[in-house]
Amino acid sequence: MSTAVREAELTGRIEPAGRWRSIARRPEFTLAVIALVGFVALAIATGGNLLSAGTLGAFFRFLAVPIVIGLSQMVVLAIGQMNLSVGALTGFCAMVAAWVMVEAGLPAPLAVLVALAVGLIAGMVNGALVVFTRINGFIVTLATMTIIEGLRYGVNGPDTFQGYSPGLREFGRASVLGLPVVFLVALAVAGLVAFFFARTVTGRQLLASGGSPFSARLSGISNDRSIVIAHALSGLLAGVAAVITVASSGSVNSSIGDDLLLPSFAAPIIGGVALTGGAVSVAGTCLAAFLVRLVDVLQAQFDINRRWIDLIVGAVVLGAVLLGTVRQKLLRRSS
């Protein structure tokens, strides 16, 4: 071992060149480069239309929900489980919020709190069912997804809620320095989720339970508690996505959330989150949501059949899963 390396280890200092090499090797760096190249290429392909104020604002406004819904799935993947009900729950919370304003005549702030509470409670129910039945979260949330879809339709049938709080709709259209407020809210939520996993005891316990439940139990961590917290947080984030949807869309109906299941998996999986649990990447999830949004814009700009877009996104997700599996096998062999 060289004297320089030994000195760096002893002092805890890393040379700038080594720091840059470490950053360049991170998956988030690769995703950022791909996102930048893709954005520039799409801007050129659209003749600069993507860079117009209106198009750019719409791009980031409709990026807010994919970011939050990706984070909602990511917190459950952190413990090695899945939540198939995030899309249906987002739609149900949106319908409940609109019902509170239109039918019950209550103010928008109360409707927002009700939507968040419904998401949180539904998530806690998901977690409690997983703990008490000992059935995998995939199966439990598949069942609750069907139940929530029925409840979502039962709020107002096939009819659409519209004409609710002008203040909330104005909030959904507002911008700060050219960036939609709802997008800034999504970034703030991402920052809170990153802080939760990086700096709080509960967040680290969730990662420990996902990485090795046996070791976590030996360390005094309750894996059952981690499961309930992860599903509750996932439900709460679905409630946040519902509020953003209600604010930015101006009207909601029972079809809200039907197209969110695949993006909820695409963002964290492409972003580098392990399906086996124990690791999360908030930045990777946000960047992957950005890439999926680019694909959506590409489809809209060039009138590409939606089925081809779903096929491409699905293939990329499958490829990311396979690459992650191969990488884990190589790491086990090397260790």
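Nothing here was measured: the structure is a model prediction, and the numbers come from that model.

Reading guide: rules and limits
Residues numbered from 1 in each chain as written. Predicted model: local features only at pLDDT ≥ 70, side-chain atom pairs only at ≥ 80, totals over all residues. Heavy atoms only, no water. Helix = DSSP H or I, 4+ residues; strand = E, 2+ residues; numbered from the N terminus. Rg over C-alpha atoms; globule rule 2.2 N^0.38 Å. Buried < 20%, exposed > 50% of the residue type's maximum accessible area, 1.4 Å probe, protein only. Contact = heavy atoms within 4.5 Å. Lys, Arg positive; Asp, Glu negative; His and termini not counted. Charge placed at Lys NZ, Arg CZ, Asp CG, Glu CD. 1 Å grid on protein atoms, 1.4 Å probe; cavity = no way out; pocket = protein on both sides within 12 Å on 5 of 7 lines; lining within 4 Å. Points joined across faces, edges and corners; volume = space filled by probe spheres on them. Nonpolar A, V, L, I, M, F, W, Y, C, P; charged D, E, K, R; others polar. Salt bridge = Lys/Arg side-chain N within 4 Å of Asp/Glu carboxyl O. Patch = residues over 30% accessible without salt bridge, like charges linked within 9 Å, V, L, I, M, F, W, Y side chains within 5 Å. Areas by Shrake-Rupley, 256 points an atom, 1.4 Å probe, with all protein chains shown as cover.

Q: Please explain the overall build of the chain as it appears in this structure.
A: Looking only at helices and strands, the chain features 16 helices and four strands. Relative to the globule expectation of 20 Å for 335 residues, the C-alpha radius of gyration of the chain, 21 Å, shows essentially globular dimensions. Each of the three principal axes of the chain carries a C-alpha extent, and together these read 70 × 55 × 35 Å. Per-residue burial for the chain yields a buried fraction of 43% across its 335 residues. Taking as baseline every contact in the chain between residues at least 6 positions apart, the subset at least 24 positions apart corresponds to 76%. Of the side chains in the chain, 22 bear a positive and 14 a negative charge, and the two mean positions are spaced by 11 Å.

Q: I'm lost on the layout of surface pockets in this one. Help?
A: One simple way to see leftover space: roll a probe sized like a water molecule over the atoms. Of the pockets and cavities examined, the second largest pocket occupies roughly 740 Å³. Forming the walls of the second largest pocket are 29 residues, and the residues nearest its centre are Phe62, Pro66, Asp259, Leu260 and Asp296. Secondary-structure elements contributing two or more residues to the lining of the second largest pocket are helix 4 (53–61), helix 5 (64–77), helix 13 (223–249), helix 14 (261–270), helix 15 (282–301) and helix 16 (306–334). The element that contributes the greatest number of residues to the lining of the second largest pocket is helix 15, accounting for six residues. For the lining of the second largest pocket, the residue count by class is 15 nonpolar, seven polar and seven charged.

Q: Could you clarify how one ought to interpret the pattern of salt bridges in this entry?
A: In a structure, side chains of opposite charge can pair up when their charged atoms sit close to one another. Inspection of the entire model under this criterion finds three salt bridges. The closest approach of N and O atoms between Asp224 and Arg134, which form a salt bridge, is 2.9 Å. Placement of Asp224 in helix 13 and of Arg134 in the loop between helix 7 (108–133) and helix 8 (137–156) is noted, with a sequence separation of 90 residues between them. Look at Asp224 and you get partly exposed, because its relative accessible area is 27%. Put simply, Arg152 and Asp258 hold a salt bridge, and the shortest N to O gap is 2.8 Å. Residue Arg152 is found in helix 8, and its partner Asp258 is found in the loop between strand 4 (251–252) and helix 14; the two are separated by 106 residues along the sequence. Classification of Arg152 as buried rests on a relative accessible area of 5%.

Q: Before we go on, may I ask you to explain unusual backbone geometry in this structure?
A: Within the chain, Arg134 stands out as a residue other than glycine whose phi angle is a positive 60°. Of the residues examined, Arg134 reaches a relative accessible area of 57% and is grouped as exposed.

Q: Looking at this structure, I do not really get a nonpolar patch on the surface. What am I missing?
A: A grouping of Trp20, Ile23, Phe29, Val33 and Val37 is seen on the molecular surface, where their side chains present a nonpolar patch of about 480 Å² in accessible area. Of all the secondary-structure elements, those providing two or more residues to the nonpolar patch are helix 2 (16–24) and helix 3 (27–45). With three residues, helix 3 is the single largest residue contributor to the nonpolar patch. Assignment of secondary structure puts Trp20 in helix 2. Note on Trp20: relative accessible area 59%, which makes it exposed.

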